[in-house]
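What the coordinates show
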Amino acid sequence: QVQLVESGGGLVQAGGSLRLSCAASGRTFSSYDMGWYRQAPGKERELVARDRWSGGSTYYVDSVKGRFTITRDNAKNTVFLQMNSLKPEDTAIYFCNARIVTGKIINYWGQGTQVTVSS
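Here the structure is a predicted model, which is why all the values come from computation and not from measurement.

1. Remarks on the overall build of the protein
- Tallying secondary structure elements over the protein gives 0 helices and 11 strands in all.
- What you see in the protein, going N to C, is helices and strands ordered as β-β-β-β-β-β-β-β-β-β-β.
- Taken against the 2.2 N^0.38 rule, which gives 14 Å for 119 residues, the C-alpha radius of gyration of the protein at 14 Å falls within 12% of a compact globule.
- Projecting the C-alpha coordinates of the protein onto the three principal axes gives extents of approximately 45 × 25 × 25 Å.
- Long-range contacts, defined as pairs at least 24 residues apart, comprise 53% of the intrachain contacts of the protein with a sequence gap of at least 6.
- Of the accessible surface of the protein, which amounts to about 6400 Å², a share of 48% is contributed by carbon and sulfur atoms.

Structure (structure tokens):
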């Protein structure tokens with residue numbers, strides 16, 4: 001079982017920045033694919049960014065490319081999402097996701113943190 005706890009959400013004006021953090025339990029954090037999803041009211045949850053444990057390219061949804069950066073600190077079992085140049089359309093609940101692939105895919109979710117960008 002993996003527990004994820006997000007922090008860092010809040011209210012910010014358009015053009016501002018926020019940094020989300022997600023602390024994960026588990027001894028093998030370095031082998032988790034870590035991602036951030038978001039869900040706006042009336043919309044489906046979408047993948048915003050993902051960092052694969054094995055390296056390689058990091059995924060970003062087109063709408064955040066050049067503005068958001070996902071990083072991880074394996075020593076602290078923590079993944080971050082740095083969000084710059086925020087726009088009102090970035091307003092959503094942001095969820096941390098840990099994906100473990102061992103023959104099958106297992107997903108774990110945090111409780112979510114609200115990000116509100118005012119215009």
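Moving on from the model shown.
2. So, the packing of aromatic side chains
- Taken as a whole, this structure holds 2 aromatic pairs when the rule is applied.
- A ring pair is formed by Phe-29 and Tyr-32, whose centres lie 5.9 Å apart and whose planes are at 75 degrees; its orientation type is edge-to-face. Judged on exposure class, the residue Phe-29 and its partner Tyr-32 are both buried.
- Note on Tyr-37 and Trp-109: the rings are 4.8 Å apart at their centroids and 65 degrees apart in plane angle, and the pair reads as edge-to-face. Placement of Tyr-37 in strand β4 (residues 33-39) and of Trp-109 in strand β10 (residues 105-109) is noted, with a sequence separation of 72 residues between them.
- Lying across the ring of Phe-80, Arg-19 places its NZ or CZ 3.9 Å from the centre.
- When the ring centre of Trp-109 is taken as origin, the NZ or CZ atom of Arg-45, which lies over that ring, is 4.7 Å away.

Reading guide: rules and limits
- Residues numbered from 1 in each chain as written.
- Predicted model: local features only at pLDDT ≥ 70, side-chain atom pairs only at ≥ 80, totals over all residues.
- Heavy atoms only, no water.
- Helix = DSSP H or I, 4+ residues; strand = E, 2+ residues; numbered from the N terminus.
- Rg over C-alpha atoms; globule rule 2.2 N^0.38 Å.
- Contact = heavy atoms within 4.5 Å.
- Areas by Shrake-Rupley, 256 points an atom, 1.4 Å probe, with all protein chains shown as cover.
- Phe/Tyr/Trp six-rings, centres within 6.5 Å; stacked < 30°, edge-to-face > 60°.
- Buried < 20%, exposed > 50% of the residue type's maximum accessible area, 1.4 Å probe, protein only.
- Lys NZ or Arg CZ within 6 Å of the ring centre and 35° of its normal.

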